[in-house]
Structure formats: C-alpha cells, structure tokens
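Now for the letters of each chain:
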Amino acid sequence: MFTSREVERLLALLEPTPFAHLRAALQQLAVQHARRVLNEDDTTETRAALAAVLHSLGIRLWELGRHREALDAHEEALQLRRELATQNPARHTADLGHSLNSLGIRLGELGRHQQALDAFEEALRLRRDLATQNPARHTPNLAQSLTNLAIALCGFSRHDEELELRTEVVVRWRILARLDPNQHQGTYQQKRDRLAGSFAKHDREPDEARQAEEDLAHRLDLET
Amino acid sequence: MIVTQVRAVLAALAGTPDRADAIRTAGIDRVATELIEHERQRWDRAAGDPRWSLPEGFTVEDREEALLALVLLAPTTFDAAVEVLRRLPLFRDKPEGDLRHLIRWAHHLYPGAGPAQVEPTPDFLRDALLAGLAQPAHAELTELLLPALSTQDGQDGAGVLTRLIRAAALFATVAPLVGTIVHNEPTLLPAAIESLVLTGPAARVVEQHLVGGDHARHVHFP
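Per-chain numbering applies: the sequence of each chain, read as written, is numbered from 1 onward. Chains and ligands are labelled by the order in which they are written, letters from A for the one and numbers from 1 for the other. Since the coordinates come from a predicted model, pLDDT governs what is reported: local features require at least 70, and pairs of side-chain atoms require 80 or more to be given and counted, while whole-chain, interface and lining totals use all residues.

**Considerations on the packing of helix α3 (residues 28–47) of chain B against helix α7 (residues 96–109) of chain B**
Residue and element names in this part refer to chain B. Here an axis means a line fitted to C-alpha atoms, over the contact stretch when the element is a helix, while the angle between two N-to-C directions is reported on a 0 to 180 degree scale. Each helix corresponds to a stretch of at least 4 residues labelled H or I by DSSP, and each strand to a stretch of at least 2 residues labelled E; elements are numbered beginning at the N terminus. Two elements in contact, α3 and α7, have axes separated by 10 Å at closest approach and are oriented at 130°. Put simply, α3 runs oblique to α7. At the point where α3 passes α7, the crossing takes the right-handed sense. For the pair formed by α3 and α7, the contact residues are Arg-42, Trp-43, Ala-46 and Ala-47 on the first element and Trp-105, His-108 and Leu-109 on the second. We call Asp, Glu, Lys and Arg charged. Ala, Val, Leu, Ile, Met, Phe, Trp, Tyr, Cys and Pro are nonpolar, and the rest, Gly among them, are polar. For the contact of α3 with α7, the residue count by class is five nonpolar, one polar and one charged. Any angle from 65 to 115 degrees is called roughly perpendicular, while one under 35 is roughly parallel, one over 145 is roughly antiparallel, and all others are oblique. Note on convention: the crossing is left-handed when the near helix lies turned anticlockwise from the far helix by less than a right angle, right-handed when the turn is clockwise. Two residues qualify as being in contact provided that their C-beta atoms, derived from the backbone, are within 7 Å of each other.

In structure tokens form, the structure reads like this:
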C-alpha cells in the first residue's frame, strides 16, 4: 500500500538529491491523491491541501523545464487559494501571496512581463497587510515581494519606482534588525550595501541611497 | 579503484604484451567482459571437480544460467535456492538432488554466509555478472525471474533492486531491469527510491526507468 505519508517520506528522501524527475513524478502522485480526497470530502482543509501540492508540483515541473505544465499547476493552486483567502483571509492570505509570487517569477522568466508585474503587485499588497499585522513573521516575505516588483519595474525602465521599492526593502530589514539585532542585523547591512549599488547603477550618488533610507524610515515610523 | 586493480590483474593474466596493454587502458565494459571470461574458465574447472558431482546433462549454458539466477535473487536457504532454479524451464523437471549439487557448486565459487548462498565479491564482480544478465542473450532468463519477485516478500524484492541499482551505477545496461521489476510490482517503488538515494548520483541512469512507466496507475492510496 502506497500512502500519502509514504509519498511525503519519499519526497523528503529525494529532496537533497539530483533525481528531479522522480520528485516530479511523486509530486504528481501527491496531487492525484489530494484530488481524490477532495472529491470524497470537499472541505477547506482538503482544498488547501490540494493547493499546497499543486504549488509544489509547479516548482518541480519548472525545475525540469516543463514550463507549460508548471504554469498550469501554479495557476490552479492560485485559483484555489484565491477562493480560500476570500473565505478565510487570516488563514489563507499568506499562501495566496506565495502563489502570486511564484507565478510572477515564472511569468517573468517566460517573458510575460506585464502579467508578472500584476502578480507581484498583488502579492505586495497582500504582504503589506500581513506585515502590518505581524511584522516579525511576514516582513521577510514582504521584502521579497518588494525586491521582485523592483526587478520587474526595472524591466519597464521605471527606475524611480524601482529605487523606491529597493529602499523600502532596506528599511523593512532595518525595522526587523531593530527588533532582533542578532537575527537580522547582517541581512540589513547586506541589503543596505546593495541599495548603494542599485543607486550607483542608475548614476545616483551613494549618499542619495542613505538619504532615501532615512527619509523612508522616518515616514514609516510616523505611519506606525 | 577496484576497476584499476581488476585491470592490473587481468593484464597480468593476458598472455601477450599487446593484449595486456589493451586491457590496461580498456573501458569498464571491456574490463567486465574480460573478467567474466576468466570467471567462466574457473566455473568450467570447478564443474569438472568430482566434489560437486554435477550431472553431465547440464551444459555450460545451463550452469551459467543457474549461477546468474542465484546471484540475482540471492536465496538464503537450499529450499529457496531450489525454488529459484525451478522457475527456469530447463531445471523445472530435474531431480532436486541435481539442483542441490548445482547450488553447492555455485556456493563453492562464490561462498556466501549460508551453505546455499552465492555472493560474488568484490562488488565489481557481482555488478559485472548482473551486467551480463542484462544482455539480450539472457532476456528469457530475466523475463522468467523478475516477474517472480511479485510472489516473494518485499524484502527479497528490495534486495534484488538494491543489487541491480548498484550495478546500474557502473553498467547502464542494468537500469532497464530495475524498471521492469517496479513495473511488475509497483509496491517496490519506495524500495527502489531508497536504494537510488543511497547509491547516489551515479545511479541516475535508473531514474528514467522509474518515471517512464505508468506505475502511478498501479499505486493504490488507502
């Protein structure tokens, strides 16, 4: 008997190995299983479980270059998570953010830049709300969304907006570093250095990066 | 490392300088072929040894098929070993005593822990023998033996898979046999994956034979 727990165990076993085809095949089994369970018992939990394995399948298929199938899996997961987040935002919005973020990355890699931008913008909106509610937990994901959107905007030559978002990444890490220096000070410094590089790339002075950071930090402090 | 040592031994046994040079630089398949050829001569010599009382009716090919079957399925008792040989039509109607003589002969050549066990060492030799088993000449033998795994308990099947997957890491021709076993008995897929992970990237050639089939169709979720 091949249980869903067995599939999970084998996937964990394969995780650090180069056997990407097997990982994808097992993930497809996990999706089949989740669909069957959902057909038998349609609940929030079984829908969330199907969305989770579809999301993972999208990642696995993408690793293999099976882009069309990967996008299908990501889009189905996104659809499920949209419905779940509408019913219970507190529980499912973070997962919806993950799906939008993954889909945005994949669309960008396929050259569908406007759709990628839309996905990143939506993910960012959701993650801003989440980070407001629980900064320690959701700020790293918010920073990731800010970075992804900044990269996408760069592709549209919208450099002022790009630098503004990159500045916010630094300020978000600065806030976390203030809450827990041991955990986040290193990341904050790293992002700060990168911000100076991004400003320099667009012929802006390093001092401007520092000033932009201070201005935004002050503004966010006022807002909170 | 072991291949280098085998090359050196075979080169020393080569007979002529040209042949020795060829073996020193030979690829792994050629080394395996040369090694098995030397082993065949040893099998022949041992077959003529009155201690094993091999019936004259068994041809060289019969003996080789028996030996390979015992190496592949690795039965641990005389009864199990007789059972393995009985799966092959050419031994199906032979007296049990004759089969036991064959098993003792094979055990003498490659002694395992128990009196009926046949365990070639080093691993390279076992892998080379299994690679030989994967050749078209033995297709009928593997067709008869591999489906039989489904009637054994899971542990035996897992052991066979482990041996084949390790051999496939050196000899790619063994890999399809792994796919055949899992196709016949999908419940062995987890065991195959565990062996694959333990063997590591060298066994990558096996992967396509595990995902290429329609195993999922046979997998039953509770």
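**Description of the environment of Thr-46 of chain A**
All names here are of chain A. With respect to the element layout, Thr-46 can be found in helix α3 (residues 44–63). A count of 17 C-beta atoms within 10 Å places Thr-46 in the partly exposed class. Between the C-alpha atom of Thr-46 and that of Arg-36, which follows or precedes it by ten residues, the distance is 9.7 Å. The contacts of Thr-46, once residues within four sequence positions are left out, are Val-37, Leu-38 and Asp-41. Remark: C-beta atoms are placed from the backbone, and a residue is labelled buried if 20 or more other C-beta atoms sit within 10 Å of its own, exposed if 12 or fewer do, or partly exposed between those counts.

**Overview of the environment of Leu-90 of chain B**
Within the secondary structure, Leu-90 of chain B sits in helix α6 (residues 89–92). For Leu-90 of chain B and Glu-37 of chain B, which are 53 residues apart along the polypeptide, the C-alpha to C-alpha distance reads 23 Å.

**Overview of unusual backbone geometry**
Residue and element names in this part refer to chain B. That bond from Thr-121 to Pro-122 is cis: its omega, 0°, falls within 30 degrees of zero. Of note, Pro-122 is situated in the loop between α7 and α8 (123–133). A positive phi angle, near 50°, is found at Ala-74, a position not held by glycine. With respect to the helices and strands, the residue Ala-74 is situated in the loop between α4 (60–73) and α5 (78–86). A tally of 19 C-beta atoms within 10 Å means that Ala-74 is categorised as partly exposed.

**A few points about the confidence of the model for chain A**
Residues with a pLDDT of 70 or more make up 98% of chain A, whose mean pLDDT is 94. Per residue, pLDDT measures the predictor's confidence, with a range of 0 to 100. When pLDDT is averaged over each element of chain A, helix α4 (residues 67–87) of chain A comes out on top at 97 and helix α10 (residues 206–223) of chain A at the bottom at 88.

**Observations concerning the nonpolar core**
A set of buried residues drawn from Ala, Val, Leu, Ile, Met, Phe, Trp, Tyr and Cys, joined through C-beta atoms within 7 Å, is what defines a nonpolar core. Of all hydrophobic cores here, the largest spans 113 residues; its most connected members are Leu-70, Leu-130, Leu-164, Ala-168, Val-174, Val-178 and Ala-192 of chain B. Broken down by element, this core gets its largest block of residues, nine residues, from helix α6 (residues 113–133) of chain A. Setting aside anything within four residues of it in sequence, one finds Leu-70 of chain B in contact with Pro-75, Ala-81, Val-84, Ile-103, Ala-106 and Val-118 of chain B.

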